[in-house]
Amino acid sequence: MAGPLSHIKVVDLSRVLAGPWSTQMLGDLGAQVTKIERPHAGDDTRHWGPPFITNADGSRGDAGYFLCTNRNKTSLQLDITSDAGQATIRDMVKQADILVENYKVGGLKKYGLDYDSLKDLNPGLIYCSITGFGQTGPYAKRPGYDFMIQAMSGLMSVTGEKDGLPGAGPQKVGIAIADLMTGMYASVGILAALAHRDQTGEGQYIDLALLDCQMAMLSNQGSNYLVGGSAPKRMGNAHLNIVPYQVMPTKDGHLIIAVGNDSQFQSFCRLCARQDWANDPRFATNEARVVNREELIPLLEEVTRHRSTQDWISALEAANVPCGPVNNIEQAFQDPQVIHRHLRRDMTRPDGTKIPVVANPINFSKTPIEYKIAPPKLK
């Protein structure tokens, strides 16, 4: 079966991560994505290594970073600063449905490749611009990068060890979460614009900012501030609103316990032979446990540290108490559930180069994701 977007053509003028993450999603859904790259150098992330893939001929290939976000696309080297390059883009846009770009505000206008210049060629064009701060506002002309946005949005103020403990201080997330989620918001916005076009025939312009997306992603932390009036603080591996919901020590390592309701806490207490905790008014409800976490957590840790991680997992799963190990990435890819769900896929370039990729997590019953085009080589 053809993918649900197999009738859609995408011109991808984006590079690095946020834009390419979005266009990879569109490609996974079946769209025909043409990635426009600078002649000879290509996307910067081709060189962001090590590690690098080994080409079929034994030479050094592209960085793993590039490979994570550029499958199901073809690559076209094009100098958009030249008249010929600009003419090629315009010809492509006449037949395209979507254009995605992440140049600085106004950066494509001087080449006649901005939305206002292109919409007359194709009124149905959906044009998505991704920048650090959006097309308007006092910061609009500033460059924006994921690390900066994690800091400016407040994310780093709620990520990391609790203040006053060793290792405390501002901490970024281990992946470029602002870039990645902006790419996801871009995908959602583009799909909604396609639905609008199906009804009206009209294309439209989408203005996406990393800062806007990261602010939206503050989710319960942002809501807690707006409702409660106090800025949330770093909690380490603890949860601001749920207790116990954190890393606990075991005899041979660590364990995640994620008690989401009072019934699960009662089951945990029975397993620990400490029914008195479940009956204690300080701990009987989640609200009480949140207020009295400093008293409860040391009691729990004293119990969990006397059994191995696997012993706890077996016992907790039998008692229907959510739990899990703390894996490194190698262990995660070796997990039986991850293997069963085929979350590693292997692709092959036309020259025989083998490229492992992480699977798209969407599982359709009628139009399954296809892994048709390996992240392309710069030709």
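So, here is what we can say about the structure in this document. No experiment lies behind these values; they were computed from the predicted model shown.

A word on the packing of aromatic side chains. In the structure shown here, the tally under the stated rule is six aromatic pairs. Ring centres of F133 and Y139 lie 5.5 Å apart, and the angle between their planes is 80°; this geometry places the pair in the edge-to-face category. In this structure an aromatic cluster arises from ring pairing among Y115, Y127 and Y205. Over the aromatic face of F52 sits the side chain of R60, whose NZ or CZ is 3.8 Å from the ring centroid.

This part covers the side chain of T23. Within the secondary structure, T23 is located in helix α1 (residues 18-28). Excluding residues within four positions of it along the chain, T23 makes contact with V10, D12, S14, V33, K73 and V100.

With 36 residues, the main nonpolar core has I98, C128 and I130 as its most contacted residues. Elements with a minimum of two residues in this core: α1, α2 (64-67), β6 (98-101), β7 (126-131), α6 (177-200), β8 (204-209), α7 (210-216) and β13 (354-358). For I130, the residues in contact, after removing those within four places along its chain, are A18, G19, V100, E101, N102, Y103, T182, A186, L208 and L210. In terms of nonpolar packing, the next biggest core, distinct from the first, is built from 19 residues, L255, V259, I297 and L300 among them.

Burial along β6 is two-sided: the face carrying I98 and V100 and the face carrying L99 and E101 are both buried. Alignment of strand β1 (residues 9-13) against β6, held across four bridges, turns out to be parallel. Note on β6: the bridge partner recorded for V10 is I98.

A few words now on a nonpolar patch on the surface. A surface patch of nonpolar side chains, about 390 Å² in accessible area, is lined by Y139, Y145, M148 and M152. Its place among the elements puts M152 in helix α5 (residues 146-152). Taking relative accessible area as the criterion, M152 reaches 38% and is therefore assigned partly exposed.

Interaxial distance between α1 and α6 falls to 7 Å at its minimum, and their mutual angle equals 45°. Relative to α6, the element α1 lies oblique. Of the two elements, α1 crosses α6, and the hand of that crossing is right-handed. Two secondary-structure elements touch here, α1 through A18, W21, S22, M25 and L26 and α6 through D179, L180, T182, G183, M184, A186, S187, I190 and L191. Along the lines of polarity and charge, the residues of the contact of α1 with α6 split into nine nonpolar, four polar and one charged.

Glancing now at the pattern of salt bridges. Taken as a whole and assessed by the stated rule, the structure comprises 20 salt bridges. Between K35 and D43 there is a salt bridge, and its shortest N-O distance comes to 2.9 Å. For the pair K35 and D43, a shared accessibility class is recorded, and that class is buried. With its nearest N and O atoms 2.8 Å apart, the salt bridge here joins R234 to D163. Of this pair, R234 sits in the loop between α8 (219-228) and β9 (245-249) while D163 sits in the loop between α5 and α6; the two residues are 71 residues apart in sequence, bridging distant segments of the chain. Its relative accessible area of 10% is what places R234 among the buried residues. Residue classification places D163 among the partly exposed positions, given a relative accessible area of 45%. One continuous salt-bridge network, built from bridges that share partners, spans E37, R46, D62 and R349.

Pairing is antiparallel in the open sheet, where three strands are placed in the order β9-β10-β11. The sheet is open, and its two edges are formed by β9 and β11 (323-325), each paired on a single side. On average, adjacent strands in this sheet sit at an angle of 25° to one another, irrespective of strand direction. With respect to the sheet, helix α12 (residues 293-304) is in contact with β9 and β10 (254-258), its orientation differing from that of β9 by roughly 45°.

About the cut-offs
Residues numbered from 1 in each chain as written. Predicted model: local features only at pLDDT ≥ 70, side-chain atom pairs only at ≥ 80, totals over all residues. Heavy atoms only, no water. Phe/Tyr/Trp six-rings, centres within 6.5 Å; stacked < 30°, edge-to-face > 60°. Lys NZ or Arg CZ within 6 Å of the ring centre and 35° of its normal. Helix = DSSP H or I, 4+ residues; strand = E, 2+ residues; numbered from the N terminus. Contact = heavy atoms within 4.5 Å. Core = buried A, V, L, I, M, F, W, Y, C linked by side-chain atoms within 4.5 Å. Buried < 20%, exposed > 50% of the residue type's maximum accessible area, 1.4 Å probe, protein only. Pairing = 2+ DSSP bridges. Patch = residues over 30% accessible without salt bridge, like charges linked within 9 Å, V, L, I, M, F, W, Y side chains within 5 Å. Areas by Shrake-Rupley, 256 points an atom, 1.4 Å probe, with all protein chains shown as cover. Salt bridge = Lys/Arg side-chain N within 4 Å of Asp/Glu carboxyl O. Axes fitted to C-alpha atoms, helices over the stretch in contact; angles between N-to-C directions. Parallel < 35°, antiparallel > 145°, perpendicular 65-115°, else oblique. Left-handed = near helix turned anticlockwise from the far one by under 90°. Nonpolar A, V, L, I, M, F, W, Y, C, P; charged D, E, K, R; others polar.

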